[in-house]
Each structure stands twice: as C-alpha cells, then as structure tokens.
Amino acid sequence: MADYSYIALVPLLPLATFVLLGLAGKNRLVKWSGYIGSATMLGSAVISLYAAYQYFFVNGKTGDAYAEITALRYTWLEFAPGLSIDMGIILDSISVMMLVVVSFISLMVHIYSVGYMKGEERVTTYFSFLSLFTFSMLALVVSSNIFQIYIFWELVGVSSYLLIGFYYQKPSAVAASKKAFIVTRFADLGFLVGILILAFYSGSFDIGTIINRATDSQSEAFTGLVSAGFLGMSALTWSLVLVFAGGAGKSAMFPLHIWLPDAMEGPTPVSALIHAATMVVAGVYLVARLFPVFYIDEIAMQVVTYVGAISALVAAIIACTQTDIKRILAYSTMSQIGYMMFALGVSGYGGEEGLGYTASMFHLFTHAFFKSLLFLGAGAIIHFVHSNEMKDMGGLRKWMPVTHITFLIACLAIAGVPPFAGFFSKEEILLAAYQSDKIVYGIGLFVAALTAFYMFRLYFSVFWKKEAADASHHGEGTWSMKLPLIVLAGCTVVVGFIHFGNYISSDGAPLPTHFDIRFSIAPVVSAVAGILLAAYLYKKESDRPAKFATALGRLYRAAYKKFYIDEIYLFITKKIIFNLIGAPAAWFDRNIVDGIMNLLASGTARTAALIKGMQSGRVQSYALYFFGGVVALAILLIYIWI
Amino acid sequence: MSASSVIFYIISACTLVTALLAVTTPRIFRSAIWLLFSLIGVASLYFWMEVEFIAAVQIIVYVSGIVVLIIFSIFLTQQSGAKMPKPALKRALFSALAVLFGFAFTYNLISKHAFTATSTQPFAVNVSDIGEQMLNPTEYGYLLPFEVVSILLLAAMIGCIVIAMKSPVKKVISENGKGVLAPRNEHKEEVDEVTS
Amino acid sequence: MQQIPIEHILFVSTALFFIGMYGLFTRRNMITMLMSIELILNSVNINFVAFNKYLFPGKLDGIFFTIFIITVAAAEAAIAIAIIINLYRTHKSIDVEDATELKY
C-alpha cells in the first residue's frame, strides 16, 4: 500500500495560513493576505489532485474495488482499551473526491476574494477565517473517527458563524450568524446523542469498526442495537435518525433550513464556498460515510428520503417567489441538497442497487462547481449593481459579458440541460428514484421543472429584462474575479462526462451506468418547459408575472413568506420556551440556588455576630469564662472520664 | 476542744470575715485596710502553725510592703474617700453562684481525699535550717531558685520604672502657631533608647 | 495542733481563695482586683504550709515555696501598680470597664 501520509499537508496548509494571518492582526499584511491564502490553497489543491490521481488511477484499488486506506492514525484519548478517540486520516473514494472538491472550490473562492474584497478593511481577518474554514472542512472529510468528525463539524460551524457575521456592524448579519450557529448547534445535539448510541453499542468510535460491527448480523453490536429500544424504535433507528438530524441541520434540510437564507448576509464568496459547495453538503457526506449502517435500517432510510424530497420541493416553491438574488440561490442550494439526500435514501447497497449512492455523490461533485459558479457570478453582479434585489438589475448582458456567459452555463447545468454537468448527475438521481420509489421520482421530476423555471426567471430578470439605463461607471470586475468564473464554467462543461460510477460506488466496485436516452426525455422536456415559461414571463418587462402571482393567490403569498416557518420558530422559542422553561429556570437559579448560598453566608454572618459578643474587651468577663471552663474541665475529667 | 483549736477558729474567722469585707466594701480605702487586717490574720495563722519565719516574712513583705504600695497607688490615682460604683447585680449574683459552686466542688474533693502523713516526725522549723537549705547548691537545695528570684526582682524593679515612667513632652509648633503636644508614640523610641 | 484535722485548714484556704475570686469577678476598680489577687496568693501559701506541716513534717519544701511565692507576689504587685498608673494616664480612670480595647 502506498504511503499517503502527505495527505496531512492538505488540511495543515490552510491551518498554517489561518494561524499566520490570524496573528497578523486585521490591518497588517493587507496586501499580501489574499495572495498568501491563495498560494496555500493552490498547494492544497495540487496535493489533493495528485492524491486523487494516485488513489483513483494508480494504486487505490484492492482487488476490484476501491478500498479504504488509513493514511495516519494517532491514539488521542483512550477511555478504555479499544474505546478511544483517535485522530486519523482515511482515504476512501468519497473522501478523496471531497478533498478535491473542497480544495479546488476554496482555491477559486480565494482567487475571487482577492478582487471582491479589495478595499475592504479587515481583509486579513477574512482570509484567515476562510483558511480556518477550509482546514476544518478538509479535516472533516478525511476523519477516520466519528468523534473527530464531530470536532471538525463544530469547527466548521464556528467558521461559518465567523464568516457570516463578518460585517459585524450590521445587526442583521450578527443575527444571521447567531441563528446559523444556534440552529446547527441544536441539530448537533442530536448528532452527539446518535454518536454516543452508536459508539456505545459498537464499542468503538472508529468509523470502519462501527460499520463492520453494526452491519454484521452475527455481532453483538448488531444484536444490541436492534434489540434495545425506546418508545417503539430500536436503538439503531434512534441513533441513525439522530445522526441524520445533525446532518440535516448542517445541510439545511426541512425543517432546520431557516438559517441558510439568512446566512446570505455574509460576503458572497463566503456564500459560494460554505453555503453552496462545501459545508452544506457535510450532512450528505455524513450519511454517505455511514451509508452501510443506514442501509440496514428501513426507517432511517425512509426518513432520509422523505426529508430530502420535502426539502427539495419546499425550497423550489419558495425560490420561485423570492426577489433577493442570493436568497434564490440559497433556496436553490437547499433544493439540490434535497436531491442528494433522497438519492441516498432510495439507494441500495452493492452493485446495481447502489446507483443512488453514486448518483448522489456525482450530483454533489457537479453541484459544487455550478453552484459556486452561480454564487460567484451573483457576487460579480452585486458588485456591479451594489444591490441584492432583482428589481435593481436588468439588461446586464451588455455590461458584463463574461459573467453573462458563465452564469448562463451554470443555469443550464442546474436546470439539467444536456450536455452540461447537471444533466448527467440529475438524470442518474431520477433513475435511482424511478427504480425504487415512484412518488419520490414524481417529486424529483416536478422539482426539476421548478428548478429550471426559477433559475431562468433569475437569469432573464438579471440579464435581459430591460434595457440597461445606467451607464457603466466601472468595469465588470478585475481579472481575479473573472478567472474563477471562467475556470468553473469550463469545469461545469467538462465534468459531466466523467464516468463517475467507475470510481465511486457504495461498495467500492465500479458501477457501470447505462445511459438510457428514453429515460432522459422526461427530465429534459420538463426542464425545457420551465425555461420557456420563464422566458415567456420574464424576458421582457411586463406585468405577466404579477398577474400570474395574483392568480395563484394564497399559495403565492405563503411561498413568498417562506411558508411562515420562521414565524413558527419564533413563536415556539419566545412564547413557549422562554416563558415556560427559561423563566422558571432563571427564577430557580436566582432564588433557590443563589438563595441557598446567600442563606449560608448570612447564616454564618449572623452566627458570628452572636458569638462576637463574647469578646467584649472586659477582662472580668474573660476571667469568668476562664473559671467556668476550668470547672467544666474538672468535672469532666474527674467524674465523667476517670 | 483545746485552747489552740479555739484560737485557730477565731483567727480563721477573722481572716475570712475581713477578706469578705475587703472585696465587698464600696470605699476603696476601707477595702485596703480590710485587706491589711486579712493579711495580718494570715500571718497569725502562720504563727499558730509554728512557722514563725514565714509569718515574719508575711508581715514584712505583704503587710507593710504591698498594702502600703496599694495605698500609695490609691492616692496616686483617685480620691480615696469617694464611693466606688457598685457592680451590676447580674454580675454579682452570677459570680457569687459560680464561686459558691466552685467552693462546694473543691471542698467536696478535698474532704473525700484521705490525707495520710508520711512520717511522724515532730514539725520544727529552724531559721538556720531554712538558711542552710536555701543556700545549698546540692541535696534539695534552693540556691538556683534563690538566684533566679533575685534576678526576677531586679527585672521587676527596672520594669516598673520603665512602665511607669512619664515620657518627656515635646512641644510641636503647628501651622497656626499654637503649641501641640507630641503624640505618645514618642514613648516607644525613648524606651528603645533606654534599653539599647 | 493534731486536734485540728488538715481539712479544716484547707477549708479556710479554699474559702479565702474563692473570696478572692469573687472579688476578682465583681470589683470594677483595678486596684481592688489586685487586692483580690493577693488574697488568692495568700490562700495558696496557707495551703503549702499546711501540707508541709501535716503531711511532710520532716521536710521544708512547702516553706520554701511559700517564701518564693511571697517574693514573686511582691514583684508582681509592683509591676501591676506600674501598669495601673500607666493605664490611668491614658484613660484617666482605673475602672476596668473603661479599658475595653480588646473588644471586637
């Protein structure tokens, strides 16, 4: 087995950048911070690509299938012999893929940020946070130990918090960062409980060991997991559902999605990196990592499927009504992740059955490219127009040609139009869904149509709708902003042709995917229909959209208000949790806990005040007490003890 | 009931009564005089017990030394004819009870104890015997305590002088021109000067 | 002499001791407290002499104790008077209730 320990450099280079830039302070190294960050990311990306080349093409296979390679392992905290939290790096087909995705997208975002954040104060801080995030995400995807995943999971959450709240003078940004952190933290509670249940029964925190023991129906771990139960569900189901809850929080699945739209308060490159391509797919990655264990539990798979499908549907409906460009993209992300989730949910394990798994990972791969491309393009647009709202944009195709072409490519990809990347990955997902659950297939098809519709609604509103009235006071953007767009657009075109099944499948063995033209008719037709409807409504400025909206009436209003979910959450927290749980707990803490302490203190003080009267300073009283003591001692010694 | 027993009872009665008067009378000078009589009673008790030397020492030191010293100090510190304030009734009652209890307790112990004489020699105290044993460095001699006590007396003399010495008062001119007496902390430095 | 058992002499000395204690507890004047202390010391002397005479007639130790006690009592009385005079100078009174600097 080849030595892959140089993989450790991939997360460590960004860590070094974080430390260097973090210590440099917010005003020093201003000119260099972007270049330093980009340089280290380039190094990481190159090493990841090299490792991917080595793994996939040279010596990753054991026998016929891609095997898990432990690159490094270090025993960190040992609770009992056999139960320890190790720090380790494993290389698996999906972890190598994720390394490539994260480092490459992060590199693009770094280069883009050099131009986007120019002139911003605290640039050094920004790049240090970006490096922190990249380090955490890279370390998360190569973790060998589920507790290590949890550690880096939290670290990713913290980096996200820091980056969303980057413009901390804006109260909306601060509120958004807090919301993101609290919602994901709340979900992570479930994650932690799930980890503990799994580890308790499997006797280990190591992922490979957990998978081996939990899926082996002869092992005592398996019998323990399925026999122990709580409220009717077995421990296995509970642990998997809870772990999925953690993943759902991080991946903004319904109903824990409320933080993702608000997270758009952060700078746009941050949205591109974190909330489009990498962090939000951490939940999908987690399910994929533990997929063999998920597969053996029916209920958990159902939960994964339906949560994914519902998220996809709800997000697509809401995205049709939003006017803020970044929020549309955020809901679009949520919808695509829903696709990835339900693809995993309907998947089987091994061979042909594992199509869903491969499809999900493929969609993750392609989605990273075109979604980050969309966000970076949106960033260029916002940079140009100085506003996030669609009504301030229009007819920009004349002033921003590069952005226009790349944005169009990305929209076509996400709509699933061949030959762009999104077509291939989405088609495989729909195929997997068709083979197992027709309802989910139907939802997937409908959402594909909606996706095409709202993405092209966005495209036409930004680049076509009206003639550009304002003269271009400044250019499209520097080369540093254009280069990533071009590169990503190129990737979007090319990546779809990778025969993904050869490299990534649920059991490691290559999965031949057939390309059935007849099956692809339905998705392509629905996508084209969506595009045409969007063109009809939005290509020229008109009142057709408004009439359409009033025709839909209440449904439109509910979708516009994001189905009132935020209001429900606010109601639950303010009226129920604060008043019924928080206030009594605070009362208890103030009056009883503090009260006991104060009582002890005041009791002592009062006793002392009583006793201090004995020290009156009067010598004769002292003499009396002295005499009394002598007599008492005498009586004691003479009559009682002797 | 021989004559010596009667004499003993009379002497002890006088001693106790005068002692009681010494601690209860409100006038301080009278208290001193009652003390004087009490001490003379104790001296007569010594006489009765055939320890004439001790009786003599008692009269010389206690009666004419200490009581006179006490009387001088009474003169130095207050008007000797005035009545002293009576103690609080609670205090007096409580002390009386405590004292009576203590007395009963002690006398109970004493009376239960069987005192046995170790030898039946006649008790004869010669002054020469006392003198020889006092200055005898060996064989139950009290030479060392004798010397130590003499140093103690020397120390007591010097101590008395130092403690009771009045510090010389320095005049300090303050801002408004009036003289102010120096604080008593000066005394400490003077003491250090004297003893160093 | 033998007709008076030792307990009677001890009675006298004990009574004298406790009379002195009463004076120590009750009297407010420092000089009268000193006088009570002298009474206590005297009672102890009587004890010593009595024990020497009745229990150890061949030896003289009790008498020596008595001599030394008288000596030390004299020294102590002198020093006590010096202290009382010093205290009188600062407090302008020899009432023991006025000297309460040891109070909390």
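Predicted, not measured: the structure shown is a model, and the values here were computed from it.

A. Molecular detail of the overall build of chain B. Counting its regular elements, chain B contains seven helices and two strands. The order of α-helices and β-strands along chain B, N terminus first, is α-α-α-α-α-α-β-β-α. Burial analysis of chain B (196 residues in total) assigns 20% to the buried set. Contacts in chain B between residues at least 24 apart in sequence constitute 44% of all its contacts with a sequence separation of at least 6.

B. Broad picture of the overall build of chain A. For chain A, the helix and strand inventory stands at 25 helices and six strands. By residue count, 51% of the 642 residues in chain A fall in the buried class. Long-range pairs, those at least 24 residues apart, make up 79% of the contacts in chain A between residues at least 6 apart in sequence.

C. Focus on the interface of chain B and chain C. With 71 residues of chain B at the contact, the number on the chain C side is 60 residues. Those elements that provide at least two residues to the side of chain B that touches chain C are helix H1 (3–24), helix H2 (28–48), helix H3 (52–77), helix H4 (89–112), helix H5 (127–134) and helix H6 (143–164) of chain B. Of the residues that constitute the side of chain B that touches chain C, the class distribution is 48 nonpolar, 21 polar and two charged.

D. Up close: the packing of H2 of chain B against helix H2 (residues 30–55) of chain C. Running from N to C, H2 of chain B and H2 of chain C cross one another at 5 degrees; their axes reach a closest spacing of 11 Å. What the angle tells us is that H2 of chain B and H2 of chain C run roughly parallel. For the pair formed by H2 of chain B and H2 of chain C, the contact residues are Ile28, Ser31, Ala32, Leu35, Ser38, Leu39, Val42, Leu45 and Tyr46 of chain B on the first element and Ile31, Thr32, Met35, Glu38, Leu39, Asn42, Ile46 and Val49 of chain C on the second.

E. Here's a closer look at the interface of chain B and chain A. Between chain B and chain A, the residue contacts involve four residues of the former and four residues of the latter. Looking at the side of chain B that touches chain A residue by residue, the classes come out as two nonpolar, two polar and no charged.

F. Region of interest: helix H1 (residues 9–24) of chain A. Residue and element names in this part refer to chain A. A rise of 1.5 Å per residue sets the reference length of H1, with its 16 residues, at 22 Å; its end C-alpha atoms lie 22 Å apart and thus fit the reference within 8%. Those residues of H1 that sit buried are Val10, Pro11, Leu13, Pro14, Thr17, Phe18 and Leu21. Within H1, the buried residues cover an arc of 160 degrees as seen down the axis, which keeps them to one side. On its buried face, H1 sits against helix H2 (30–59), helix H3 (93–116) and helix H4 (123–141).

G. Structural detail: the environment of Val287 of chain A. Residue and element names in this part refer to chain A. Inspection of the secondary structure puts Val287 in helix H12 (residues 282–289). The class of Val287 is buried, set by 27 C-beta atoms lying within 10 Å. Note: C-alpha distance between Val287 and Met301 (14 residues apart in sequence) is 9.9 Å. Leaving out residues up to four positions away in the same chain, Val287 has contacts with Phe244, Gly247, Phe294, Val304 and Leu344.

H. Focus on the environment of Gly283 of chain A. All names here are of chain A. Here Gly283 shows up in helix H12. Taking the C-alpha atoms as reference, Gly283 lies 7.4 Å from Phe244; in sequence the two are 39 residues apart. Setting aside its immediate chain neighbours within four residues, Gly283 contacts Gly247, Ala248, Lys250, Ser251 and Met253.

I. Geometry of helix H7 (residues 207–215) of chain A. The complete set of buried residues in H7 of chain A reads Ile207, Ile210, Arg213 and Ala214 of chain A. All buried residues of H7 of chain A fall inside an arc of 135 degrees around its axis, so they share one side.

J. Main features of the packing of helix H16 (residues 355–385) of chain A against helix H18 (residues 421–436) of chain A. Residue and element names in this part refer to chain A. Two elements in contact, H16 and H18, have axes whose closest approach is 8 Å; the angle formed by their N-to-C orientations is 155 degrees. The angle between the axes of H16 and H18 places the two elements in the roughly antiparallel class. Relative to H18, H16 is oriented so that their crossing is left-handed. Touching Leu355, Gly356, Thr358, Ala359, Ser360, Phe362, His363, Thr366, Phe369 and Phe370 of H16 are Ala421, Gly422, Ser425, Lys426, Glu428, Ile429, Leu431 and Ala432, all from H18. Across the contact of H16 with H18, the residue classes break down as nine nonpolar, seven polar and two charged.

K. Focus on the environment of Glu352 of chain A. Residue and element names in this part refer to chain A. Along the chain, Glu352 turns up in the loop between helix H15 (325–345) and H16. The class for Glu352 is exposed, based on 11 C-beta atoms found within 10 Å. With 80 residues separating them in the primary sequence, Glu352 and Ala432 have C-alpha atoms 9.7 Å apart.

L. Broad picture of unusual backbone geometry. Residue and element names in this part refer to chain A. The step from Phe254 to Pro255 runs through a cis peptide bond, and the omega angle for that step is -5 degrees. Turning to its location among the elements, Pro255 is positioned in the loop between helix H9 (235–250) and helix H10 (259–262). Following Pro418, the chain continues into Pro419 via a peptide bond in cis, with omega recorded as 0 degrees. With respect to the helices, strands and loops of the structure, Pro419 is situated in the loop between helix H17 (401–415) and H18. The phi dihedral of Lys562 falls on the positive side, at around 60 degrees, and the residue is not glycine. Here Lys562 shows up in the loop between helix H23 (554–560) and helix H24 (565–611).

M. Structural context of the confidence of the model for chain B. Residue and element names in this part refer to chain B. For chain B, mean pLDDT is 83; residues scoring 70 or higher make up 84% of the total. The secondary structure element of chain B with the lowest average pLDDT is helix H7 (residues 186–195), at 46, and the one with the highest is H2, at 94. The low-confidence segment residues 185–196, where pLDDT is below 50, has six contacts with residues more than four positions distant or belonging to other chains.

Each value, and the rule that gives it
Residues numbered from 1 in each chain as written. Chains lettered and ligands numbered in written order. Predicted model: local features only at pLDDT ≥ 70, side-chain atom pairs only at ≥ 80, totals over all residues. Helix = DSSP H or I, 4+ residues; strand = E, 2+ residues; numbered from the N terminus. Buried ≥ 20, exposed ≤ 12 C-beta atoms within 10 Å, placed from the backbone. Contact = placed C-beta atoms within 7 Å. Nonpolar A, V, L, I, M, F, W, Y, C, P; charged D, E, K, R; others polar. Axes fitted to C-alpha atoms, helices over the stretch in contact; angles between N-to-C directions. Parallel < 35°, antiparallel > 145°, perpendicular 65-115°, else oblique. Expected span 1.5 Å × (residues − 1). Arc of directions from axis to C-beta. Left-handed = near helix turned anticlockwise from the far one by under 90°. pLDDT = per-residue confidence, 0-100.

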